[in-house]
Amino acid sequence: MKVAVVGAGAIGGFYGLMLGRAGHEVHFVVRGDYQAIREDGMQLISPSEGDFQLSPVNVYRDVAELPPCDLILVATKTTSNIDLAPQLAKVAAPGSAVVLLQNGFGVEEIFRKQLGPSVHLLGGLCIVSVHREGPGVIHHFGLGALNVGYHSGAAGEQSDVETMIETTFREAGIELSIMPDLITARWQKLVMNIPFSGLTVLLDSGTRALMTHPATRTLVRQLMEEVEAAATLCGRPMPAGYIDEAWAKTDGQPDYQSSMQVDFKAGRPLELDSIYEAPLAAVVAAGGAMPKVEMLYQSLLFLNQRNLQQ
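Residues numbered from 1 in each chain as written. Predicted model: local features only at pLDDT ≥ 70, side-chain atom pairs only at ≥ 80, totals over all residues. Heavy atoms only, no water.

Enquirer: Help me out: how do you make sense of the overall build of the protein in this one?
Expert: Tallying secondary structure elements over the protein gives twelve helices and ten strands in all. Relative to the compact-globule value of 19 Å for 310 residues, the protein shows a C-alpha radius of gyration of 19 Å, a close match. Its C-alpha atoms put the protein at 50 × 40 × 40 Å along the principal axes. Classification of the 310 residues of the protein by burial places 52% in the buried group. (Helix = DSSP H or I, 4+ residues; strand = E, 2+ residues; numbered from the N terminus. Rg over C-alpha atoms; globule rule 2.2 N^0.38 Å. Buried < 20%, exposed > 50% of the residue type's maximum accessible area, 1.4 Å probe, protein only.)

Enquirer: Which parts of the structure should I look at to understand the packing of aromatic side chains?
Expert: Pairs of aromatic rings are described using the distance from one ring centre to the other and the angle between the two planes. For the structure on display, the rule yields four aromatic pairs. Arranged with centres 5.0 Å apart and planes meeting at 70°, the rings of phenylalanine 14 and tyrosine 15 form a pair that is edge-to-face. With a relative accessible area of 1%, phenylalanine 14 lands in the buried category. Relative to phenylalanine 169, the ring of tyrosine 15 has its centre 6.4 Å away and its plane inclined at 75°; by these criteria the two rings are edge-to-face. Of the two residues, tyrosine 15 is situated in helix 1 (residues 10-21) and phenylalanine 169 in helix 5 (residues 158-171); the sequence distance between them amounts to 154 residues. Overall, the relative accessible area of 0% leaves tyrosine 15 in the buried class. Taken together through their ring pairs, the aromatic side chains of Phe14, Tyr15 and Phe169 make up a single cluster. Sitting over the ring of phenylalanine 52, arginine 21 keeps its end group 6.0 Å from the ring centre. Positioned above the aromatic ring of tryptophan 247 is the side chain of arginine 221, whose terminal nitrogen or guanidinium carbon lies 5.2 Å from the ring centre. (Phe/Tyr/Trp six-rings, centres within 6.5 Å; stacked < 30°, edge-to-face > 60°. Lys NZ or Arg CZ within 6 Å of the ring centre and 35° of its normal.)

Enquirer: What is the right way to read helix 5 from this model?
Expert: Quick reminder: α-helices carry 3.6 residues per turn. Residues three or four places apart thus point the same way. Between its first and last C-alpha atoms helix 5 spans 20 Å; for 14 residues at 1.5 Å apiece the expected length is 20 Å, and the two agree. Residues of helix 5 that are buried include every one of Val161, Glu162, Ile165, Thr168 and Phe169, and no others. Viewed along the axis of helix 5, the buried residues span an arc of 135°, placing them on a single side of the element. Exposed and facing more than 90 degrees away from the buried side of helix 5 are Asp160 and Glu171. (Expected span 1.5 Å × (residues − 1). Arc of directions from axis to C-beta.)

Enquirer: Explain the packing of helix 8 (residues 214-233) against helix 12 (residues 291-309) here, please?
Expert: Describing two packed helices takes the angle between their axes plus the distance from one axis to the other. Here helix 8 crosses helix 12 at 110°, and the two axes come no closer than 8 Å. The angle between the axes of helix 8 and helix 12 places the two elements in the roughly perpendicular class. Residue-level inspection shows Leu219, Gln222, Leu223, Glu226 and Val227 of helix 8 in contact with helix 12, the latter providing Pro291, Lys292, Val293 and Leu296. In terms of residue class, the contact of helix 8 with helix 12 is made up of six nonpolar, one polar and two charged. (Axes fitted to C-alpha atoms, helices over the stretch in contact; angles between N-to-C directions. Parallel < 35°, antiparallel > 145°, perpendicular 65-115°, else oblique. Contact = heavy atoms within 4.5 Å. Nonpolar A, V, L, I, M, F, W, Y, C, P; charged D, E, K, R; others polar.)

Enquirer: I keep staring at the nonpolar core and nothing clicks. Help me out?
Expert: In globular proteins that are soluble, nonpolar side chains generally tend to be buried together. By size, the foremost hydrophobic cluster in this structure holds 40 residues, and its most contacted members are Tyr15, Leu73, Leu146, Ile165 and Phe169. No other element matches helix 1, which puts six residues into this core. With residues near it in sequence (within four places) discarded, phenylalanine 169 still touches Tyr15, Leu19, Leu71, Leu73, Leu146, Ile174 and Leu176. Grouped together as the second largest cluster of nonpolar side chains are 36 residues, Leu190, Leu210, Met211 and Met224 included. (Core = buried A, V, L, I, M, F, W, Y, C linked by side-chain atoms within 4.5 Å.)

Enquirer: Help me understand the pairing of strand 2 (residues 25-29) in this model?
Expert: As a general feature of sheets, a regular strand has side chains that alternate between the two faces. In terms of residue burial, strand 2 counts as a mostly covered element, since four of its five residues are buried. Where strand 1 (residues 2-6) meets strand 2, five bridges bridge the pair, whose relative direction is parallel. Directly across from valine 6, in strand 2, lies its bridge partner valine 29. In the classification by handedness, the crossover that spans strand 1, the intervening helix 1 and the parallel strand 2 is right-handed. Sheet topology places strand 2 next to strand 5 (residues 58-60); three bridges connect them, and they run parallel. Pairing of phenylalanine 28 across the sheet is with valine 59, part of strand 5. (Pairing = 2+ DSSP bridges. Right-handed = clockwise from strand over helix to strand, strands pointing away.)

Shape descriptors only; they carry no functional weight alone.
Here is the structure:
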């Protein structure tokens, strides 16, 4: 398989390295880390998967430099999607599959408008604890599963594309599940994204403190329940006990910073449109509201603007 990874940060670096270790021809598009990766390669540090060095690396500064690939993984922040989508459309060959490894709601629509009708578009929801420690150095702490849902593409080929992607990742040692309903899956991911992304920024705290202090522990649960109720109102009810399952995955787990908190500390724009604005608009359109989520979003808008100005 020829695989392109657009954005070789923590997420893209992890999955790209795992696919590279399995023998696939992986091509990475990076920006700031280009020279270091070209000279020193990329490294995975993982207590569960084992350490791995990939060198030399097929690395490019720009999407336009990519060769034709069977599978394109997009692991950039959603804040770049409007500019990235038309660039990607120029290199996505007919019949190729584009998987958006991005958080948030409604991200596929931006790409679908630009991609050719025969290009398959899927959404990927990453369940992994991973951190970029330096240029080309990815530290994997645990988990690693990937949930993928089909969005759109050439008629009659969905099953073949899903099988290809599932086989490719499973052979690389990555647990992959095909989600029958991508939109419901994105609501499910928001159960975790909305409380932890925003509260870690707003309160300048890791997840462990949020889950151990009584007040914030209650607030995390309330935010999760608002998201669950909103999904049901929008016609995407979650399985019974889903919140309890999501709660258990975080409760008592090692402390970590959300990717939004990392972006905030680095002075980068926050992914507020896809993680907050889009789902809030969806529930309003359905005649409902998420008042606590709305308040968190408004606070983050203020912090984001002030942070970027500084």
